[in-house]
Amino acid sequence: MKCKVSKICGGCNLLHLDYEKQIQEKKNNVEALLTRNRLKLQIGNVYKANRIKGYRNKIIVGFAKYKRKVVSGLYAPHSHAVVATKNCLMHPRNVDAIIGRITELVDSMKIELYNEKTGTGLLRHVLIRYASQTNQVMIVFVTAKRAFPSRRNLVNALVSEFKEIKTILQSVNPRNTSVVLENEAFVLYGDGTITDKLCGLDFTMGANTFYQVHHDQCELLYKVAKEKLQLQGQETVLDTYCGIGTIGLSLADSCKMVTGVEINADSIGFAKENAKQNRIKNARFVSMDSTRFMEEAKKHHTHFDVIVLDPPRAGTTPTFIENACALRPKKILYISCDPRSLVRDLHLFFRQGYKAKSMDLVDMFPNTTNVESVVLLTRR
Ligand SMILES: C[S@@+](CC[C@H](N)C(=O)[O-])C[C@H]1O[C@@H](n2cnc3c(N)ncnc32)[C@H](O)[C@@H]1O
């Protein structure tokens, strides 16, 4: 695959390798990390992706002016510089057409671009989410202020042209931070949600909720998780860092009870809604910091047979690990998107009497160096 901007964009830093070599490189990198950290762990399978382009279902584009015309693109790594791109190889084609049209409309409607240096202007970025199985698109305009003069014309133009746009929102971030969705989002069109199908279930999500970027690899990841856990139908499962409930709900038909914990209250609202719309009755969700939940669970001797954790890149906390292990679950499944924080946390699990039974990798992010790990821990 050839991309003119891959060197400056930095998004696809393995694009120069053919896919088999990318997979080998990812495996080598994780193995080297394990060795450097004195972890004797064999990597079992590396689950490759069938779809290695056009897979990204969440895209954030920035805008800039070039020769007086508005251009859009991804941000260069660790910077706020926009790399003007058209038809990124990782974007679904129909989403790219929408991005192209938004860029033209921003230009022709003379929508002011936000200037980070002076703190003036309006439009900061646009976030697009795509539910690939239902062909539903969500667009979020992130603006520096609430007043958005041309929004009605912009929305009308987009929805009349693209039938797949199900909802459009505006999120206001007045502060000088790079956080994309800082505040509450206002609905400009539709109901503020899109719904995708995953593992045979319907999952509705909002603008600031987490959803894995590669639909098919996400299904594969959850399938691997289910296989690793070998649930017998009687277990109580705790799904921490649960987002909109995807992992827990996909396990619900194989266990007695699922409890999901997540810090983002919006996500918990969607998780409850998702349980309801899929008629899943053995799942409950709690909006709470996972570490605090674990402390409380330990204090009240709440037992779980299985604990699943899928934290953000930073990994989990020593307090979470200490309390989770003190509850003595039979199995702990650690799903991680950053092998470095995973390795750090595994040392702590080992110190608390757990051992790694298996470690597998799932290629959630083809053409990049990122990889998802799944580690099954059992009591020593
Ligand atoms: C990598 S995502 C995983 C979400 C979900 N398991 C999935 O597969 O879609 C991590 C999730 O952890 C949540 N989170 C971040 N910090 C948290 C915390 N301290 N306690 C609970 N949840 C947290 C984020 O909001 C996000 O939804």
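An account of the accompanying structure is given in this report. (Residues numbered from 1 in each chain as written. Predicted model: local features only at pLDDT ≥ 70, side-chain atom pairs only at ≥ 80, totals over all residues.)

## Thoughts on the sheet that holds strand β14 (residues 306–309)
Strand pairing in a sheet is mediated by backbone hydrogen bonds. Such pairs are either parallel or antiparallel.
Now for step 1: On the basis of which strands lie adjacent, the open sheet formed by 8 strands has the order β1-β16-β17-β15-β14-β11-β12-β13 and mixed pairing. Of all strands in the sheet, those bounded by a partner on one side alone are β1 (43–47) and β13 (283–287). Across this sheet, the average inter-strand angle for adjacent strands is 15°, counted without regard to direction.
Now for step 2: Pairing of strand β15 (residues 331–336) with strand β17 (residues 372–379) involves 6 bridges; the strand directions are antiparallel. (Pairing = 2+ DSSP bridges. Helix = DSSP H or I, 4+ residues; strand = E, 2+ residues; numbered from the N terminus. Axes fitted to C-alpha atoms, helices over the stretch in contact; angles between N-to-C directions.)

## Quick look at the site of the ligand
Now for step 1: Near the ligand, the surroundings consist of 19 residues, among which F210, Y241, G243, I263 and S290 are the closest.
Now for step 2: Elements that contribute at least two residues to the shell around the ligand include exactly α6 (246–251) and β12 (257–262). (Near = placed C-beta within 6 Å.)

## Considerations on the nonpolar core
Now for step 1: One finds V126, I128, I139, V140, L221, A225 and L333 to be the most contacted residues of the largest nonpolar core, which totals 104 residues.
Now for step 2: Here this core spans two domains, and each of domain 1 (26–51 + 214–379) and domain 2 (58–198) adds at least three residues to it.
Now for step 3: Among all residues touching A225, those that are not within four sequence positions of it are I247, L333, I335 and V374. (Core = buried A, V, L, I, M, F, W, Y, C linked by C-beta atoms within 7 Å. Buried ≥ 20, exposed ≤ 12 C-beta atoms within 10 Å, placed from the backbone. Domains from an automatic or database assignment. Contact = placed C-beta atoms within 7 Å.)

## Concerning unusual backbone geometry
Now for step 1: Phi is positive for N135, which is not a glycine, with a value near 55°.
Now for step 2: Note on placement: N135 falls in the loop between β5 (123–131) and β6 (136–143).
Now for step 3: For Q230, which is not a glycine, the phi torsion comes out positive at approximately 50°.
Now for step 4: A tally of 11 C-beta atoms within 10 Å means that Q230 is categorised as exposed.

## Some thoughts on the pairing of strand β11 (residues 236–240)
Now for step 1: Of all 5 residues that make up β11, 4 are buried, and the element is covered over most of its length.
Now for step 2: Direction of pairing for β11 relative to β12: parallel, over a ladder of 5 bridges. Each residue of the ladder has a partner; that of T236, found in β12, is M257.
Now for step 3: Taken together, β11, α6 and β12 form a β-α-β motif whose crossover is right-handed.
Now for step 4: With 4 bridges connecting them, β11 and β14 associate as parallel partners. In the strand pairing of β14, V237 is matched with V306. (Right-handed = clockwise from strand over helix to strand, strands pointing away.)

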